[in-house]
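# An overview of the molecular structure
Chain by chain, the residues:
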Amino acid sequence: MSFANLKRNRDQINKLVQAAEKVGGGQTEQKSYVDDRFWKPVVDKAGNGYAVIRFLPAPANEDLPWVRYWDHGFKGPTGLWYIENSLTSIGQQDPVGELNTRLWNSGIESDKEIARVQKRRLHYVANIYVVSDSGNPENEGKVFLFKFGKKIFDKIMDVMQPAFQDETPVNPFDFWEGADFKLKIRNVEGYRNYDKSEFSTPAPLSEDDSKLEAIYEKQYSLQEFVDPTNYKSYAELKAKLMRVLGQEVEGGAPTLRQESQMNDPVDAPRQPVMAEEIEDDDDTMSYFAKLAKDD
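The rules we used
- Residues numbered from 1 in each chain as written.
- Predicted model: local features only at pLDDT ≥ 70, side-chain atom pairs only at ≥ 80, totals over all residues.
- Heavy atoms only, no water.
- Salt bridge = Lys/Arg side-chain N within 4 Å of Asp/Glu carboxyl O.
- Helix = DSSP H or I, 4+ residues; strand = E, 2+ residues; numbered from the N terminus.
- Buried < 20%, exposed > 50% of the residue type's maximum accessible area, 1.4 Å probe, protein only.
- Axes fitted to C-alpha atoms, helices over the stretch in contact; angles between N-to-C directions.
- Parallel < 35°, antiparallel > 145°, perpendicular 65-115°, else oblique.
- Contact = heavy atoms within 4.5 Å.
- Nonpolar A, V, L, I, M, F, W, Y, C, P; charged D, E, K, R; others polar.
- Phe/Tyr/Trp six-rings, centres within 6.5 Å; stacked < 30°, edge-to-face > 60°.
- Arc of directions from axis to C-beta.
- Polar contact = N/O pair within 3.5 Å; in protein donor to acceptor, adjacent residues only side chain to side chain.
- Pairing = 2+ DSSP bridges.

## A word on the pattern of salt bridges
Pairing between side chains of opposite charge can happen when the charged atoms of each approach one another. Evaluation of the coordinates by the stated rule reveals 12 salt bridges. With its nearest N and O atoms 2.8 Å apart, the salt bridge here joins Glu84 to Lys232. Of the two residues, Glu84 sits in strand β3 (residues 81-85) while Lys232 sits in the loop between α6 (209-217) and α7 (234-244), which places them 148 residues apart along the sequence. In this structure, the salt-bridge partner of Lys240 is Glu84, at a minimum N-O distance of 3.2 Å. With a gap of 156 residues between them, Lys240 in helix α7 and Glu84 in strand β3 connect regions that are remote in the sequence. No difference in accessibility class separates Lys240 from Glu84, as the two residues are buried.

So this is what it looks like as structure tokens:
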């Protein structure tokens, strides 16, 4: 969609709300563990942070202003890490998801705990414009990709689909009638908490359409995050999972005995349960990914 058409065709809230209920996506595996396209907020020693960002519309020739994907990140009893995107992101069966289902349905509490540790984590990716970033002022006025979780996405949905009749729906991705997002980070029981974050009163990002067009043209494509070719095959992921769990793979595929063994409780090291609505520490997960690279 051209910038001119974007301005003419701005009534997209219903489309975005409907898409939010069914859209799937994935994230390509990055060759580098530091991707300069992504913006990350800075927090102080107490774990608190503040920034103002603006969610941007869908990039040219793309339908939605966000994509979503799931991944898994856990350490097996072998000491090896499993850091992989989940095939459920693109509507396919995933070996970890299947294993977790069997563990959860076993009726054994220790199995359920392992399934919790190995659960998939939900992420969204969108383009943003950084309005204010006191932690890194050099980011202000620039376009980045932003990865966020369910809590922030719920706040987006709340303004697009308000619960009360006296509230007017707002498309936060709109250049002219959208709203800045005040990102407020607190440290609550060791996790980043975004409950205090909120949208400002709707207002144009700029009154200058030429400036808005320049911002629009700087956006990053989101298609790479939903491209099935960027995902490993089911067989590759199954082999990796078996190795992380310390189970041999014969001929590139698990035997019936090995399939049966996957139902047995695994004495995996205990880690904090990472609920999908709790934000992961990207720096920590990047470190884990480095460890997993050589698995």
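Having put the structure on the table, let's press on.
## Brief notes about the packing of helix α3 (residues 95-104) against α7
Orientation of α3 relative to α7, taken along the N-to-C sense of each, is 55 degrees, at an axis distance of 9 Å. The orientation of α3 with respect to α7, classified from their angle, is oblique. On α7, the residues that touch Pro95, Val96, Glu98 and Leu99 of α3 are Tyr234, Leu237, Lys238 and Leu241. Along the lines of polarity and charge, the residues of the contact of α3 with α7 split into 6 nonpolar, no polar and 2 charged.

## So, the packing of aromatic side chains
The full count for this structure, using the stated rule, is 16 aromatic pairs. Plain terms: the ring middles of Phe175 and Tyr216 are 6.4 Å apart, the flat faces sit at 75 degrees to each other, and that makes the pair edge-to-face. With a gap of 41 residues between them, Phe175 in the loop between α5 (150-160) and β6 (181-188) and Tyr216 in helix α6 connect regions that are remote in the sequence. On the basis of relative accessible area, Phe175 is assigned to the buried category, the value being 1%.

## What about α3?
Residues Pro95, Val96, Leu99, Asn100 and Leu103 constitute the buried set of α3. Down the axis, α3 shows its buried residues gathered within 130 degrees of arc, on one side only. For α3, the secondary structure elements touched by its buried residues are β2 (66-75), β3, α4 (109-117) and α7. At the N-terminal end of α3, a side-chain oxygen is found 3.0 Å from the backbone nitrogen of Val96, two or three residues along, and the residue is Asp94.

## As for the pairing of β6
Relative to β6, strand β1 (residues 49-55) is paired through 5 bridges, and the arrangement is antiparallel. Opposite Ala51, over in β6, you have Leu183 as the bridge partner. Sheet topology note: the β6/strand β8 (residues 198-199) ladder contains 2 bridges and is antiparallel. The residue bridging Lys182 from the neighbouring strand is Glu198, located in β8. Connecting β6 to the next strand, strand β7 (residues 191-193), in antiparallel fashion are 2 residues, including Glu189 with a positive phi near 55 degrees.

So far we have only geometry, and geometry alone does not tell us how the molecule works.
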